Amino acid sequence: MSDLKKIKERILARIKIALFVNNIPGFRNQKRFSTYLVSTFVVLTTLSVVVVLGALYSYFGKQVETEFHKKILAEKGQVEILLSNRLARISSRLKGVGADNIIRVTVMLDGHSQLKQRITEFYPSREGVFFFVSKEGQAAVIPDHYPGLSPALIKFAKKEYPYGEVLENDGTPHLLWWFSTPIMHQTRLMGTAYALYDITRDRKLLATISQTVSGDVAVVKFNRLFSLISQTTRPFKNKLSTNPAMNSELLSFDKKTILTKIGGFDDLYYQASLSALVGEKRKVTLWIGLIAIAILAISTLTSILLGKKMVQPLREMTRKAIQISEGQKNLLFENNDRNYWEFNQLSQAFNYMLANLKDAEEQSRYKELLENVDDAVYILDRDGNVLEANDAAYSQLGYTPEQFFGLNLSEIIPADDAQLIIGQLGKDSVEQSAQKITIETSHFKTDGSPIAVEIHSRAISYRGRIVILNVARDITKRIEAEQEKKHLQTQLIHSQKMEAVGTLAGGIAHDFNNLLMGIQGYVSLMRLQTKPGDTNDEYIQGIENAVMSAANLTNQLLGFARKGKYALRPTCLNDIVENSAKMFTRTRKEIVIHKTLQDDIWSAKIDRGQIEQVLINLYLNAWHAMPRGGDIFIQTENIFLSDDYCKPFEVSGGNYVKISVTDTGVGIDEEIIERIFEPFFTTKDVGKGTGLGLASAYGIIKNHNGIIRVYSERGHGTTFNLYLPASNDEKAEEIKTSRRLMTGKETILLVDDEEGTIEVEELMLKELGYKVLPARSGKEAIALYKKNKASLDMVALDMIMPEMSGKDTYDELKKIDPGVKVLLVSGYSLNRQIKEIMQLGCDGFIQKPFDIVQLSQKLRQVLEA
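These numbers come from a predicted model, not from an experiment.

Rules used throughout
- Residues numbered from 1 in each chain as written.
- Predicted model: local features only at pLDDT ≥ 70, side-chain atom pairs only at ≥ 80, totals over all residues.
- Heavy atoms only, no water.
- Helix = DSSP H or I, 4+ residues; strand = E, 2+ residues; numbered from the N terminus.
- Buried < 20%, exposed > 50% of the residue type's maximum accessible area, 1.4 Å probe, protein only.
- Contact = heavy atoms within 4.5 Å.
- Axes fitted to C-alpha atoms, helices over the stretch in contact; angles between N-to-C directions.
- Parallel < 35°, antiparallel > 145°, perpendicular 65-115°, else oblique.
- Left-handed = near helix turned anticlockwise from the far one by under 90°.
- Nonpolar A, V, L, I, M, F, W, Y, C, P; charged D, E, K, R; others polar.
- Salt bridge = Lys/Arg side-chain N within 4 Å of Asp/Glu carboxyl O.
- Patch = residues over 30% accessible without salt bridge, like charges linked within 9 Å, V, L, I, M, F, W, Y side chains within 5 Å.
- Areas by Shrake-Rupley, 256 points an atom, 1.4 Å probe, with all protein chains shown as cover.
- Lys, Arg positive; Asp, Glu negative; His and termini not counted.
- Charge placed at Lys NZ, Arg CZ, Asp CG, Glu CD.
- Pairing = 2+ DSSP bridges.
- Arc of directions from axis to C-beta.
- Phe/Tyr/Trp six-rings, centres within 6.5 Å; stacked < 30°, edge-to-face > 60°.
- Lys NZ or Arg CZ within 6 Å of the ring centre and 35° of its normal.
- Core = buried A, V, L, I, M, F, W, Y, C linked by side-chain atoms within 4.5 Å.
- pLDDT = per-residue confidence, 0-100.

1. As for the overall build of the chain
Working step 1: Secondary structure assignment for the chain yields 24 helices and 27 strands.
Working step 2: Relative to its 865 residues, the chain shows a buried fraction of 41%.
Working step 3: Counting contacts in the chain only where the partners sit at least 6 residues apart, residues at least 24 apart contribute 61% of the total.

2. Some words on the packing of helix α15 (residues 573-587) against helix α16 (residues 608-625)
Pairs of packed helices are described in terms of their axes, by the angle between the two and the distance that separates them.
Working step 1: Interhelical geometry of α15 versus α16 gives an angle of 45 degrees and a closest axis separation of 10 Å. By the angle between their axes, α15 is oblique relative to α16. Judged by the sense of rotation from one axis to the other, the crossing of α15 with α16 is right-handed. Note on element contacts: α16 touches α15 through R608, I611, E612, L615, I616, Y619, L620 and W623, opposite L573, D575, I576, V577, N579, S580, A581 and F584.
Working step 2: Among the residues forming the contact of α15 with α16, the class breakdown is 11 nonpolar, 2 polar and 3 charged.

3. What about the pattern of salt bridges?
Working step 1: Within this structure, the stated rule accounts for 18 salt bridges.
Working step 2: Between K135 and D110 there is a salt bridge, and its shortest N-O distance comes to 3.9 Å. Here K135 is found in strand β1 (residues 129-135), whereas its partner D110 is found in the loop between α3 (101-109) and α4 (112-122), with 25 residues between them in sequence.
Working step 3: Between E762 and K766 there is a salt bridge, and its shortest N-O distance comes to 3.2 Å. You can see E762 and its partner K766 sitting in helix α20 (residues 755-767), 4 residues apart, about one turn around the helix.
Working step 4: Classification of E762 by relative accessible area gives buried; the value is 15%.

4. Overview of a positive patch on the surface
Working step 1: A contiguous patch of positive charge, built from R89, R93, R126 and K204, is present on the exposed surface.
Working step 2: Secondary-structure assignment places R126 in the loop between α4 and β1.
Working step 3: For R126, a relative accessible area of 55% puts it in the exposed group.

5. As for the sheet that holds strand β21 (residues 707-712)
Working step 1: Spatial strand order, β17-β19-β20-β22-β21: 5 strands in an open sheet with mixed pairing. Where the open sheet ends on each side, the last strands, each with one partner, are β17 (591-597) and β21. Neighbour-to-neighbour, the strand axes of this sheet turn through a mean angle of 15 degrees, independent of strand direction.
Working step 2: The pairing of strand β20 (residues 654-663) with strand β22 (residues 718-725) spans 7 bridges and is classified as antiparallel. Residue I659 lies in a different strand from β22, and its bridge partner there is L722.

6. Observations concerning the packing of helix α21 (residues 778-787) against helix α22 (residues 806-816)
Working step 1: At their nearest, the axes of α21 and α22 sit 10 Å apart, and the two run at 15 degrees to each other. By the angle between their axes, α21 is roughly parallel relative to α22. For the pair α21 and α22, the sense of crossing is right-handed. Packed against α21, whose contacting residues are G778, A781, I782, Y785 and K786, the element α22 presents T809, E812, L813 and I816 at the interface.
Working step 2: Of the residues belonging to the contact of α21 with α22, the class tally is 5 nonpolar, 2 polar and 2 charged.

7. A short note on the sheet that holds strand β11 (residues 376-380)
Working step 1: Taken in spatial order, the 5 strands of this open sheet run β12-β11-β15-β14-β13, and their pairing is antiparallel. If you trace the sheet from one side to the other, it starts and ends with β12 (386-389) and β13 (436-444), each paired once. Shown here is a sheet whose adjacent strand axes are inclined to one another by a mean of 30 degrees, direction ignored.
Working step 2: Bridge count for β11 against strand β15 (residues 465-474) is 5 bridges, and the pairing is antiparallel. Directly across from A376, in β15, lies its bridge partner A472.

8. Section: a negative patch on the surface
Working step 1: A surface patch of like charges, here negative, comprises E670, E671, E674 and E754.
Working step 2: Along the chain, E671 falls in helix α18 (residues 670-673).

9. Quick notes on helix α12 (residues 415-425)
Working step 1: Inspection of α12 places A418, I421, I422 and L425 among the buried residues, and these make up the whole buried set. With its buried residues spanning 90 degrees around the axis, α12 presents them on a single face. Exposed residues lying more than 90 degrees from the buried face of α12 are D416 and Q419.
Working step 2: Buried residues along α12 sit against β13, β14 (450-462) and β15.

10. Description of the packing of aromatic side chains
Each aromatic ring pair is summarised here by two numbers: the centre-to-centre distance and the angle between the ring planes.
Working step 1: Taken as a whole and judged by the stated rule, the model has 14 aromatic pairs.
Working step 2: Judged by centre distance (5.0 Å) and plane angle (25 degrees), the ring pair of W178 and Y194 falls under stacked. Note that W178 is positioned in strand β3 (residues 172-185) and Y194 in strand β4 (residues 188-198), a separation of 16 residues in sequence. Considered together, W178 and Y194 belong to a single accessibility category, that of buried residues.
Working step 3: A centroid spacing of 5.5 Å and a plane angle of 50 degrees characterise the contact between F584 and Y619, whose relative ring orientation is tilted. Residue F584 is located in helix α15, and its partner Y619 is located in helix α16; the two are separated by 35 residues in the primary sequence.
Working step 4: Above the face of the Y269 ring, K261 is positioned so that its terminal group lies 5.3 Å from the ring centre.
Working step 5: The ring centre of W623 lies 4.1 Å from the NZ or CZ of R588, which sits over that ring.

11. Details of the nonpolar core
Working step 1: In this structure, I103, F131, F132, V133, Y197 and L268 are the most contacted members of the largest nonpolar core, which totals 63 residues.
Working step 2: Each residue touching I103, except ones within four places of it in the same chain, is listed here: V97, L115, R118, I119, Y123, V133 and I183.
Working step 3: With 36 residues, the next largest nonpolar core counts I632, I676, I701 and L722 among its residues.

12. Considerations on a nonpolar patch on the surface
Working step 1: Among the surface-exposed residues, V51, V52, L56, Y59 and F60 lie close enough to one another that they form a single nonpolar patch of about 470 Å² accessible area.
Working step 2: Secondary-structure assignment places Y59 in helix α2 (residues 33-98).
Working step 3: We classify Y59 as partly exposed; its relative accessible area is 47%.

13. Remarks on unusual backbone geometry
Working step 1: The residue after I142, namely P143, is reached through a cis peptide bond having omega -10 degrees.
Working step 2: Within the secondary structure, P143 is located in the loop between β1 and α5 (151-160).
Working step 3: Positive phi, normally seen in glycine, also occurs at Y161, with a value near 50 degrees.
Working step 4: Along the polypeptide, Y161 turns up in the loop between α5 and β2 (163-169).

14. Digging into the confidence of the model for the chain
Working step 1: Here the chain averages 78 in pLDDT, and 77% of its residues register 70 or above.
Working step 2: The low-confidence segment residues 558-565, where pLDDT is below 50, has 21 contacts with residues more than four positions distant or belonging to other chains.
Working step 3: Note on residues 731-735: pLDDT under 50 across the span, and 13 contacts to partners over four residues away in sequence or across chains.

15. Describing the pairing of strand β5 (residues 216-221)
Working step 1: Most of β5 is tucked away, with 5 of its 6 residues classed as buried.
Working step 2: Relative to strand β10 (residues 268-273), β5 is paired through 4 bridges, and the arrangement is antiparallel. Within the sheet, the bridge partner assigned to V217 lies in β10 and is Y270.
Working step 3: As paired elements, β5 and strand β6 (residues 224-227) share 4 bridges and run antiparallel to each other. The partner of V219 across the bridge, within β6, is F226.

Below is the structure:
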């Protein structure tokens, strides 16, 4: 029945495909997306062009008008200069008439005919200028007339003394000026010389104006506009003639003419034609129209090409879909970088669909393949229930197929491992092949006995749904072999190490105890001879305490050789630091110890004597590195270490108590620092060191499931960092510090002289989203900061650098920019030098090494302060 049903389904599917292929030609008569796209693009482009070109036309039109107005005002200024010069020359010539000796004598002698002859011969009328003379006390002027000059004009001038005034005579306007100058004989006034100037008769001046400017000089009077150069008259509206705008810079007379008042003259205007302005505006209109046509043509062609480019992939996909429906199932839809993202997404979706179809066809082959695999293979649903399995899966465990198919994954492997697989691969968000998990766990037989297996688990698509595929391999023999090998190696290394250390430790302990016995004996005798209250009593007690501590050290060294079986108790590490520092400074007065201890320090489950030994060893190493005395900085703090940070040290992440011991000694060379924890390695002279101090410290910290790290540079001291697990007995809370990665977009100047360090720090900063300017010296950092001061948000500054130290660089940066934000970066803990810079206003400090989360949070803390 099932085979018959499948045959029917295949026939129906083929009928549907045939109907789809037959209907394809009918689709061509429907609306086309490409046509709609081209039309929309053209309309939007046209609207944009209209708006933009309208704004451009308005802008350039105003520019053309502005330039034209500037030109008119400039020409008006030239006319004003010509008129002023002309009037000045007339005034100067009139003064020459008044100073003429013959005219003065003639006036004195009252010779009318001689005076008239003198004026007409030597000061004839020309270019609209007429000269007259009158004797003192007489109203008549000589000559009393000129040919072509109306007596009415002379009478008007004598009466009104016009200065640029208009008089209409016989229908003709005259623009008149009347000048006068006295005729003197010594201090006596003999008479007056006059000059009548009619600009309408001054053809030379008008010709000069015509040659100099493109406009005309016009007189506005009697509701008429008299153009002096063109000799034309046009009516002037009364309302316009009385308009206050007549005194403004520019006034439109009509559509073709514009007027501007000539300064210093009431009725005189400069007249210009608007034809040039109209012509320029037509040019602007023409160019903008051509540009609009070009843009519209380009946009139309672009929209057509764009439409073709968008529709072409759809047509290609349609063609391939038809081919696939006809049976060509090996075809795939191409993803072309030249296509749009949406088309590539559609192609990927179709390819994904085809892949699922192929998977469905290949499902029938899976079982045959699984049965030929020696490993156990079984398929689970998202809840962990068994759906399919091969013979190896259930036969190895003693189940029948019916029993095995009724199981859940939590009944086959430990519940925690089952939850891990189901929790990560059984989610709705998991896609096919999105994740793969490999774990080592155990399969349980029917009798409950385990079989060690390695399971490769992944999410796959099976029969149209997401399932979990488990492939389990029996690794019992491999684990046994690895354990045996590891056990043998551990035994060999431990036996060799303990044999050497034990032999040496026994000899050292024997000799050292003999010496201590002698010291203790002498001290006991001294105490017997010391009276109570003696000043030396405190020193004797100190010696006894030191002897007791030294004896404890020998016992702890032997305990280390036995692989360290300690009496672990929850202890406050601040107390151990206080006691060990106090004991050490009693006999090392040249060393100054600075302590920075966190108040609410967590307790740690430790052997007090062993940790004291570690600290004393570190103090002694610091003392040897500072033969002339120096400073030791001790700091304690609560800290949380991630699993990624702890993984290389084979310890678990979590809450730790950190102890930092920093000295100001000579430092350790790079080639030596890699060997300082090796047993018997020492840089001291023969007889002055055993090479077991740091080796025992390393072993003690490791046996406490802790971490010991060292950071040093030659000539700049050494820092030892101890990390001891916080005790759960004290129920210490984790640091309320978010482990969230915090990013940013600011620009940071990174300063470090170590090539490897600056490279990894630059990569970390860029990963966080910051822009980085690297500088490999203090001098380079100063130069970069001066050049990029405006764009820099912070400086990450290393403390120890050659030539120009971190402190010197910090001082120079503060001089350049008192508000600069600086984050100090150092392998040392918070020592004196760093404290001094922090007191000067530095914004923050971070100690190497640090992970990227610690760095990201410290950066935001400084930048947002």
